[in-house]
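# A closer look at the structure
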Amino acid sequence: MKTLVLACLGLVLAGCQSAPPRPVRTERARFLLESPEAGAELITLPQSGVQISVQPKPVFTEFDIVNVEIAQVDMGMCLMFQLTPTASKDLAELTAANRGRRLVLTINGVPMGARRIVEPLDLGALLIFVEAPDSVVPALVENLQETSAALQADNAQR
């Protein structure tokens, strides 16, 4: 009888446990600047096959990103990366000095899109089209948001 009561109590308590947290997939979004210099790394975009020579060191990393959203613009669906205040200032300066070059988005080291710099970007946001099927973009954005939130929270605690 005592064993039966303990078994029932164990089942009741086991039913009260919350589900394990969903594992977060860390997405490292980095932006590389096109470079005509010797020693630049040649990367290839996945769908278009466009090859771009880029500086190996990123100009913006996942630590500079505050949020990522899907944005609908005249040309279709793209991603909008919102940057920290410091990175926003750097983006304005970088884009003012590098008109005609491209910023290349990589996620976990994989080239995903490029944007030509046609004017200074001073609003702290960067819109970029990704070369990925529309069906995977929402999950990608969710993972990028979770990564940004976790990094910003960790940074705030320091």
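Let me sum up the structure you'll find in this document. (Residues numbered from 1 in each chain as written. Predicted model: local features only at pLDDT ≥ 70, side-chain atom pairs only at ≥ 80, totals over all residues. Heavy atoms only, no water.)

A few words on the overall build of the protein chain. Along its length, the protein chain carries three helices and eight strands. Within the protein chain, the fraction of its 158 residues that count as buried is 35%. (Helix = DSSP H or I, 4+ residues; strand = E, 2+ residues; numbered from the N terminus. Buried < 20%, exposed > 50% of the residue type's maximum accessible area, 1.4 Å probe, protein only.)

Now for helix α3 (residues 137-157). Across its 21 residues, α3 extends 30 Å between first and last C-alpha, which sits within 8% of the 30 Å expected from 1.5 Å per residue. Listed as buried for α3 are Val137, Leu140, Val141, Asn143, Leu144, Thr147, Ser148 and Leu151. Take α3 and look down its axis: the buried residues cluster within an arc of 165°, on one side only. Opposite its buried face, α3 presents the exposed residues Ala156 and Gln157, each directed more than 90 degrees away. Each element contacted by the buried residues of α3 is listed here: β1 (29-33), β4 (65-73), β5 (76-83), β6 (102-107) and β7 (110-116). (Expected span 1.5 Å × (residues − 1). Arc of directions from axis to C-beta. Contact = heavy atoms within 4.5 Å.)

Taken in spatial order, the three strands make up an open sheet running β4-β5-β8, and their pairing is antiparallel. Strand pairing shows two members of the sheet lacking a second neighbour, β4 and β8 (125-128), which therefore form its edges. Strand-to-strand, the axes of this sheet are offset by a mean angle of 25°, without reference to chain direction. Bridging between β5 and β8 involves four bridges; their strand directions are antiparallel. Across the sheet, residue phenylalanine 81 finds its bridge partner in β8, namely leucine 126. Lying over the sheet, helix α2 (residues 85-97) contacts β5 and β8, oriented at roughly 115° with respect to β5. (Pairing = 2+ DSSP bridges. Axes fitted to C-alpha atoms, helices over the stretch in contact; angles between N-to-C directions.)

What follows concerns unusual backbone geometry. Positive phi is not limited to glycine here, since asparagine 108 has a value of about 50°. Residue position: asparagine 108 is located in the loop between β6 and β7. Taking the relative accessible area as the measure of exposure, asparagine 108 reaches 23% and is therefore partly exposed.

Turning to the nonpolar core, a few remarks are in order. One finds Phe31, Leu79, Phe81, Leu105 and Leu144 to be the most contacted residues of the largest nonpolar core, which totals 26 residues. Listing elements by their share of this core, those giving two or more residues are β1, β4, β5, α2, β6, β8 and α3. Sequence-distant contacts of leucine 105, defined by excluding residues within four places in its chain, comprise Ala29, Arg30, Phe31, Phe81, Val110, Pro111, Met112, Gly113, Ile128 and Val130. Ranked by size, the runner-up nonpolar core spans six residues in total, among them Leu32, Ile52, Val54 and Val104. (Core = buried A, V, L, I, M, F, W, Y, C linked by side-chain atoms within 4.5 Å.)

With that settled, the discussion passes to the sheet that holds β6. Ordered in space as β1-β6-β7, the three strands form an open sheet in which the pairing is antiparallel. With one partner strand each, in any of the chains shown, β1 and β7 form the two edges of the open sheet. Pairs of neighbouring strands in the sheet enclose a mean axial angle of 25°, with direction left out of account. Both β1 and β6 contribute to a ladder of five bridges, which runs antiparallel. When the bridges of β6 are listed, arginine 30 appears paired with threonine 106.

These results come straight from atomic positions and should not be treated as a statement about function.
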